[in-house]
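# Commentary on secondary and tertiary structure
Each chain, written out:
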Amino acid sequence: MIEVRDLVYEYPTKRALEGVSLSVAAQTITALVGPNGAGKTTLLRCLAALESPYTGAVMIDGLDTREAPRQIHERLGYLPDFYGLYDELMVRRCLTYAARSHGIAPALAGPAVERAAKRVGLLDRLESKAGELSRGLRQRLAIAQSIVHEPKVLLLDEPAAGLDPQARRDLSALLVALREGGMTLVVSSHILAELEDYCSEMIIIDNGRVVGGKPIKVREVERARYLIELATARSDLGDFLKGAGIDVLEADEHHALIHFTANPGARAKLIRDLVTAGFEVASFGGSSKALEDAYFKEVHKEGGA
Amino acid sequence: MNPEFRRNLWLELTPRRMTLMVVILALAFFAAALTGQYRPAGLAEFLYYMIVVIWGARNAAISVVGEIRDRTWDSQRLSSLGAGEMMWGKLFGSTIYNWFGGAICLAVLLIYGFANNGLVATILDAIYYVAVGIVAQSASLLASLVAVRRRQSHTRFEIFTYQVAGLIAALGAFYIWEAADPAGSLVPRKLPTDFIPWWGQRLDARVFLLISLAIFTSWTLVGCYRQMRLELKMRNGPWVWASFLIFMGLYVAGFDAWLTQDPKMADWSTVALRLALAATTYATFTYVMVLLEPKDRVLYRWLGTQLRGGRLDRFLGSAQAWMTSYLATVTVSIALIVWIGVSRPDALWAQAFIVSCLGFLTRDAGIFVLFQTFPGRWRGDFGAVIVLFALYALVPAVLDGLGLKAALALFYPQSTEPVWLCAAAAWAQALVVAVIAIGRLALTEKSAVAARA
């Protein structure tokens with residue numbers, strides 16, 4: 001759905017993106033992560049055909065952003081990190097304007113507005129003024145404006161910034177629902193832990209380049225990781241686990257960090273086997289932050305290289 | 001209905017605001033009638049200019065700039081509205097409240113006009129009042145769109161300058177109307193003749209001026225449309241600007257009869273005068289556009305890449321208006337030089353003068369580009385304007401004061417002995433500036449990469 005080839009983008013005094021190439025499959029959610037100033041927003045704006053590449057090409061749904069920006073805009077929704085709303089308009093009118101300006105016929109605009117409002121949970125606020133909404137509800141309205149025309153591609157720049165935990169959870173659920181509805185999403189975020197909930201791929205941008213040169217498959221790093229702690233040291237802990245066919249990430253005589261299935265029955269069996277083999281298991285706990293670890297691993301690898 | 005226009009209707013024409021406008025205008029007319037100090041038509045005209053021209057120009061100027069300030073412009077740019085829909089929606093949507101108030105004033109004016117001047121004069125008046133409003137608002141919108149392309153900030157003062165651009169355009173329309181109107185009396189220096197000589201024809205001044213006004217208003221709207229296309233990431237191509245240049249060249253060249261009234265020009269051929277007028281027009285546009293257009297170093301580097309790669313279509317598709325104007329100036333000037341060579345072989349000084357004019361034009365355009373490559377406070381058009389002021393005014397004044405008149409040929413076009421001295425000096429400067437500017441553009445590419453690394 002999205003193809004980027006050797007993208008170079010320049011500001012007058014700085015090259016913001018250097019040789020970025022990536023590919024995003026249809027009906028997936030891809031996380032775009034990286035430190036501040038890495039080039040995430042610039043890349044999103046290039047994907048949205050709001051900025052033209054200096055060299056290279058950006059293709060959205062088979063269309064080149066340089067050749068057919070307006071056709072791409074018809075297929076695309078974009079929520080910038082800093083966005084504005086028409087505070088004096090009612091939510092219904094904000095959404096009607098968004099629908100009509102995206103080419104939805106007058107007769108179809110009403111149902112499209114209702115559908116978008118329902119998706120983001122704003123049905124009961126349609127007659128409220130946008131300026132009277134809370135921050136979380138404004139975020140929902142902005143997303144609703146971006147999806148009212150059912151775009152094929154949705155780009156979101158820091159959509160969870162400033163939201164409370166419940167609103168973030170709702171946002172995650174909404175993004176998954178949109179993906180299941182057929183959209184392809186690219187989400188820029190700093191909050192790696194939440195990306196694990198809904199992303200299938202992670203692209204790390206640092207210093208204008210894709211770190212590692214390619215996206216990371218989240219399903220490969222998000223396998224549950226567990227830390228086993230022993231009360232009494234046993235130097236054969238690692239060998240025992242490897243012998244049981246378990247993916248051991250790290251092991252010494254006191255600890256072992258393993259990749260293991262999230263199935264509770266399988267975990268119970270492993271604990272039983274360890275105890276039966278004479279290991280004094282003091283604790284067996286989940287180690288989260290898989291995506292975060294993968295991020296830092298890649299960034300440090302790049303820095304070391 | 002145009003969605004952008006409709007959105008503006010929702011925001012601007014609320015029942016409360018409409019009621020407020022009606023009440024205020026009714027009170028104004030009532031007060032005027034009570035005091036007897038103002039005629040209703042005079043007050044209506046004053047209020048029309050205030051509401052539609054002055055206030056309307058401001059609303060048009062802020063229609064895009066306000067969206068950028070309120071961070072809603074990106075979502076509008078991402079809509080599927082065409083450039084024309086967006087332009088009309090903004091131009092008439094953002095000013096719809098002004099037109100609502102203006103319509104009330106216009107109704108009073110027309111009723112008064114019909115009662116006193118008859119139907120034809122009333123219809124012409126109505127056309128003029130609507131036209132002057134559109135001229136002011138579209139010129140303001142155009143100025144703001146040009147500023148948006150230059151990525152300027154959008155302070156109140158800058159918005160005021162866009163509004164002033166609209167008011168200047170409206171003043172031009174007002175002057176033309178006054179000059180064309182036999183009953184006009186507000187402008188003391190009216191045209192001394194009822195006829196205008198143009199391309200050898202004696203044309204009725206009123207008809208000529210009103211048609212000119214309509215054509216220039218249309219070009220202003222075309223300008224708004226093309227700037228809007230750029231904002232929506234659509235490519236313009238050089239052909240519309242080239243058509244405008246051809247139109248302007250032909251339009252201005254038609255006024256050759258006005259020049260022959262000058263004894264110094266009396267013995268010049270009509271063709272030479274017309275070519276000179278066209279070349280001067282194009283040179284003026286080169287200066288205006290090189291000042292107004294964003295001199296984007298990244299774009300220039302990209303254009304250089306396209307030229308080196310032989311992709312002329314891409315180069316022309318993204319070439320800026322000042323470049324096309326410069327090319328037109330050079331082309332017409334060469335035609336003029338050739339014509340002089342054929343028709344007046346004795347006028348070598350005139351050929352040298354034209355070549356030196358081209359050299360200084362090239363140098364000056366290069367200075368504007370060069371100043372965009374400088375770091376920090378030196379970067380920008382202000383520095384270029386200061387340098388040009390020094391080159392054309394300050395340094396020549398000092399040299400003149402010191403009695404070094406011969407050295408003035410280094411600073412502006414003039415006849416010299418030997419005849420090609422001034423031209424050689426001008427082109428030497430142009431070459432130096434061009435080499436430095438191109439060199440620095442290439443250098444900034446390297447430093448941009450280094451800044452990333």
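About the cut-offs
- Position numbers for residues count from 1 along each chain, tracking the sequence in the order it is written.
- The lettering of chains begins at A and the numbering of ligands begins at 1, in the order of writing.
- Whole-chain, interface and lining totals are the exception, using all residues; otherwise, since this is a predicted model, local features are given only for residues with pLDDT of at least 70 and side-chain atom pairs are given and counted only at 80 or more.
- Excluded from the side-chain calculation are hydrogens and water; included are all heavy atoms of the structure.
- Only when DSSP finds a minimum of two bridges between them are two strands counted as paired.
- Labels follow the DSSP assignment, with helices taken as runs of H or I lasting at least four residues and strands as runs of E lasting at least two, numbered in each case from the N terminus.
- Pairs were defined over the aromatic rings of Phe, Tyr and Trp, the Trp ring being its six-membered one, requiring ring centres within 6.5 Å. Orientation was assigned from the angle between planes: stacked under 30 degrees, edge-to-face over 60, tilted for the rest.
- For the exposure calls, accessible area comes from a 1.4 Å probe over protein chains only, and a residue counts as buried if that area is under 20% of its type's maximum, exposed if over 50%, partly exposed in between.
- Geometrically, a lysine NZ or arginine CZ counts as sitting over a ring once it is within 6 Å of the ring centre and also within 35 degrees of the ring normal.
- Contact definition: two residues touch when any of their heavy atoms are within 4.5 Å.
- How sure the predictor is of each residue is captured by pLDDT, a score from 0 to 100.
- Under the convention used throughout, the expected extent of a helix is 1.5 Å for every residue step, that is, one less than its residue count.
- Contacts described as polar in this section are N or O atom pairs within 3.5 Å, which, within protein, must combine one atom able to donate a hydrogen with one able to accept it, while residues neighboring in sequence count only if both atoms come from side chains.
- The quantity reported as buried area is the accessible area (1.4 Å probe) lost by two parts once they are put together, taken as the sum for both.
- A pairing counts as a salt bridge when a side-chain nitrogen of Lys or Arg comes within 4 Å of a carboxyl oxygen of Asp or Glu.
- As a working rule, the residues Ala, Val, Leu, Ile, Met, Phe, Trp, Tyr, Cys and Pro are called nonpolar, Asp, Glu, Lys and Arg charged, and the rest polar, with Gly in that last group.

All names here are of chain A. In space, the 4 strands of this open sheet follow the order β2-β1-β4-β5, with antiparallel pairing throughout. Lying at the two open borders of the sheet, with one neighbouring strand each, are β2 (14-24) and β5 (63-64). In this structure, strand β1 (residues 2-11) lies alongside strand β4 (residues 55-60), joined through 5 bridges in antiparallel fashion. Bridging from a neighbouring strand, Ile2 pairs with Ile60 of β4.

Within a pair of aromatic rings, the relevant descriptors are the distance that separates the centres and the angle that separates the planes. Evaluation of the coordinates by the stated rule reveals 23 aromatic pairs over all chains. Note on Trp241(B) and Phe285(B): the rings are 5.9 Å apart at their centroids and 90 degrees apart in plane angle, and the pair reads as edge-to-face. Pair noted here: Trp241(B) is in helix α10 (residues 239-253) and Phe285(B) is in helix α12 (residues 270-292), with a separation of 44 residues, a long-range link. Residue classification places Phe285(B) among the buried positions, given a relative accessible area of 17%. Among the aromatic residues, ring-to-ring pairing joins Trp198(B), Phe208(B), Phe216(B), Trp219(B), Trp241(B), Phe244(B), Phe247(B), Tyr251(B), Phe255(B) and Phe285(B) into one connected group. Over the ring of Phe279(A) we find Arg234(A), and its NZ or CZ is 3.9 Å from the ring centre.

What follows concerns the environment of Phe353(B). Residues and elements named next belong to chain B. In this fold, Phe353 is placed in helix α16 (residues 348-371). In this structure Phe353 comes out as partly exposed when scored by relative accessible area, which is 31%. With near-sequence residues (within four places) excluded, Phe353 lies in contact with Pro413, Gln414 and Ser415.

Bringing unusual backbone geometry into the picture now. With a phi angle near 50 degrees, Asp61(A) is a residue other than glycine that sits in the positive phi range. Within the secondary structure, Asp61(A) is located in the loop between β4 and β5. The backbone of Trp199(B) shows a phi angle near 50 degrees, a positive value even though the residue is not glycine. Its relative accessible area of 32% is what places Trp199(B) among the partly exposed residues.

Moving on, we get to the environment of Ala105(A). Tracing the sequence through the fold places Ala105(A) in the loop between α3 (91-101) and α4 (106-119). A C-alpha to C-alpha distance of 21 Å links Ala105(A) and Leu123(A), two positions 18 residues apart in sequence.

For chain A, the average pLDDT comes to 83, and 87% of its residues sit at 70 or higher. Across chain A, α3(A) holds the top mean pLDDT of 93, while helix α8 (residues 218-221) of chain A sits lowest at 55.

All right, on to helix α13 (residues 297-308) of chain B then. Residues and elements named next belong to chain B. Compared with an ideal rise of 1.5 Å per residue, which puts 12 residues at 16 Å, α13 spans 16 Å between its outermost C-alpha atoms and is within 8% of the ideal. Among all positions of α13, only Arg297, Val298, Tyr300, Arg301, Trp302, Leu303 and Gln306 are buried. Residue Asp296 occupies the N-cap position of α13, its side-chain oxygen lying 2.9 Å from the main-chain nitrogen of Val298. Positive phi shows up at Gly310, right after α13, with a value of about 75 degrees.

Moving on: the interface of chain A and chain B. Listed by partner, the interface residues are 39 residues for chain A and 35 residues for chain B. Carbon and sulfur atoms supply 53% of the area buried between chain A and chain B, which totals about 3,700 Å² over both sides. The largest share of the area that chain A buries against chain B comes from Tyr54(A), Arg70(A) and Tyr97(A), three residues that together contribute 20% of it. In this assembly, chain A and chain B are joined by 3 salt bridges. A salt bridge links Glu67(A) to Arg235(B), with the shortest nitrogen-to-oxygen separation between them at 3.3 Å. Contributions of two or more residues to the side of chain A that touches chain B are made by β1, β2, α2 (69-74), β6 (76-79) and α3 of chain A. Of the residues forming the side of chain A that touches chain B, the biggest block, 5 residues, is contributed by α3(A). Of the residues that constitute the side of chain A that touches chain B, the class distribution is 16 nonpolar, 9 polar and 14 charged.

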